[in-house]
Amino acid sequence: MELRQLEYFLAVAEECHFTRAAKRMHVAQSGLSASIRALEVELGAPLFLRTTRQVELTQAGRALLPEARRALGSIESAKDAVAAVQGLLRGTLSVGSLQCLHVVHLPAVLARFHELHPGVELRMRQSGNAELVEEVRAGRLDLAFVTRQPRIADDLRVSAVAGEPLVLACAPGSPFAARESVELGELRGQSFVDFNADWGTRDEADRALAAAGVERRVAVEVNDVHSLLDFVAFGLGVALVPQSFALKTDRVHFVGLRGDVPVAETVVVTGGTVGAAASVLLDMVGQAKAGRLRAAG
């Protein structure tokens, strides 16, 4: 099995089309097709279902896909490691993150990284927790900043970044607005505004309220922070949010929680092999947390 065969396989799998894959790889379609057929013969199984209209992965192809991504990623990491020893960083760094990452100012860190290492192409993606973790596991992201989950695959590395307590967000006219603190049990019967399932701190809020015996109704589901705060401000529900959200608006009241206060813990998830560029970025995140990293410009 040759690396070029895996590259061709990956191109066809992602493009779902032999002609587009050949164009992407700058080779003749006949050569790419012949390479794929040779790979199928070597593996003893067809990798694609070919029709006149589309190309789909077979079960064998789906099994090979994450392994091919990992193998090619390891080769790139090896090249990057050698370049790093020579004082160079190159290649592509793909980063995933939740919205409004509250424990580190990621735009400033990425801007500084780009200033110091212009030879690295940066790619950034926002999504929910489970999707970001799966993107790292599949090799499509080098690292991702997510909320800690109860179960993350054993082949991934999880490193703590920081945590902060959740607080109650409510409208100025809410009975809770004048309070210094509330207990989670007092939220029974309240309508909630929250993120979509698996987005942001939704899972942590679900766990905390369930542990307090609160069966809640989420009246409004959103996938961005500012919409959540807008709906809360207009009295359409209360929300449990990270304490730092108080910096984003003055139209919402934020009240502390008493008792077993839930904490939103942000972690960074990486694959089994961490490339040179990803290692440098993680070091810069550590410096930013310690206040030793100046913003670019």
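In what follows, the structure referred to is the one given above.
Reference entry: report on the structure contained in this document.

About the thresholds
- Residues numbered from 1 in each chain as written.
- Predicted model: local features only at pLDDT ≥ 70, side-chain atom pairs only at ≥ 80, totals over all residues.
- Heavy atoms only, no water.
- Buried < 20%, exposed > 50% of the residue type's maximum accessible area, 1.4 Å probe, protein only.
- Helix = DSSP H or I, 4+ residues; strand = E, 2+ residues; numbered from the N terminus.
- Contact = heavy atoms within 4.5 Å.
- Polar contact = N/O pair within 3.5 Å; in protein donor to acceptor, adjacent residues only side chain to side chain.
- Salt bridge = Lys/Arg side-chain N within 4 Å of Asp/Glu carboxyl O.
- Arc of directions from axis to C-beta.
- Patch = residues over 30% accessible without salt bridge, like charges linked within 9 Å, V, L, I, M, F, W, Y side chains within 5 Å.
- Areas by Shrake-Rupley, 256 points an atom, 1.4 Å probe, with all protein chains shown as cover.

## Considering helix α7 (residues 202-211)
Line of reasoning, step 1. Those residues of α7 not exposed but buried are R202, D203, E204, A205, A208 and L209.
Line of reasoning, step 2. In this structure, the buried residues of α7 make contact with α6 (129-137), β6 (157-170), β8 (191-195), β9 (217-222), β10 (239-242) and β12 (263-270).
Line of reasoning, step 3. Positive backbone phi, at 75 degrees, marks G213, one or two positions downstream of α7.

## What about the environment of R258?
Line of reasoning, step 1. Relative to the helices and strands, R258 resides in strand β11 (residues 253-258).
Line of reasoning, step 2. Residue classification places R258 among the partly exposed positions, given a relative accessible area of 35%.
Line of reasoning, step 3. As a C-alpha pair, R258 and S181 span 77 residues in sequence and 6.2 Å in three-dimensional space.
Line of reasoning, step 4. Other than its neighbours up to four places away in sequence, R258 contacts R179, S181, V182, E183 and E186.
Line of reasoning, step 5. Here the side chain of R258 touches S181 through a polar contact of 2.9 Å, side chain to side chain.

## Remarks on the pattern of salt bridges
Pairing of side chains with opposite charge becomes possible as their charged atoms draw close.
Line of reasoning, step 1. Enumeration according to the criterion identifies 23 salt bridges in this entry.
Line of reasoning, step 2. R258 serves as the salt-bridge partner of E186, at 3.6 Å between the closest nitrogen and oxygen. One end of the pair, E186, is in the loop between β7 (181-183) and β8; the other, R258, is in strand β11, and 72 residues separate them in sequence.
Line of reasoning, step 3. Among the residues examined, E186 registers a relative accessible area of 30% and is labelled partly exposed.
Line of reasoning, step 4. For R216, the salt bridge identified is with D206, shortest N-O distance 2.5 Å. With R216 in the loop between α7 and β9 and D206 in helix α7, this residue pair connects regions lying 10 residues apart in the sequence.
Line of reasoning, step 5. Residue classification places R216 among the buried positions, given a relative accessible area of 17%.
Line of reasoning, step 6. On the basis of relative accessible area, D206 is assigned to the partly exposed category, the value being 30%.

## A few points about unusual backbone geometry
Line of reasoning, step 1. With a phi angle near 55 degrees, C16 is a residue other than glycine that sits in the positive phi range.
Line of reasoning, step 2. The residue C16 is located in the loop between α1 (3-15) and α2 (18-25) in this model.
Line of reasoning, step 3. The phi dihedral of H26 is positive, around 60 degrees, even though this residue is not glycine.
Line of reasoning, step 4. You can see H26 is positioned in the loop between α2 and α3 (29-43).

## Digging into helix α8 (residues 225-233)
Line of reasoning, step 1. For α8, the set of buried residues is V225, L228, L229, V232 and A233. One side of α8 carries all its buried residues, which in axial view fall inside an arc of 135 degrees.
Line of reasoning, step 2. Lining the buried residues of α8 we find β6, β8, β9, β10 and β11.
Line of reasoning, step 3. Capping of α8 at its N-terminal end is provided by D224; its side-chain oxygen lies 3.4 Å from the backbone amide nitrogen of H226.
Line of reasoning, step 4. G235 sits one or two residues past α8 and shows a positive phi near 80 degrees.

## Here's the deal with a nonpolar patch on the surface
Line of reasoning, step 1. Residues F231, F234 and L236 make up a contiguous nonpolar surface patch of about 330 Å² in total accessible area.
Line of reasoning, step 2. As for its position among the elements, F231 is in helix α8.
Line of reasoning, step 3. Judged by relative accessible area, which is 33%, F231 ranks as partly exposed.

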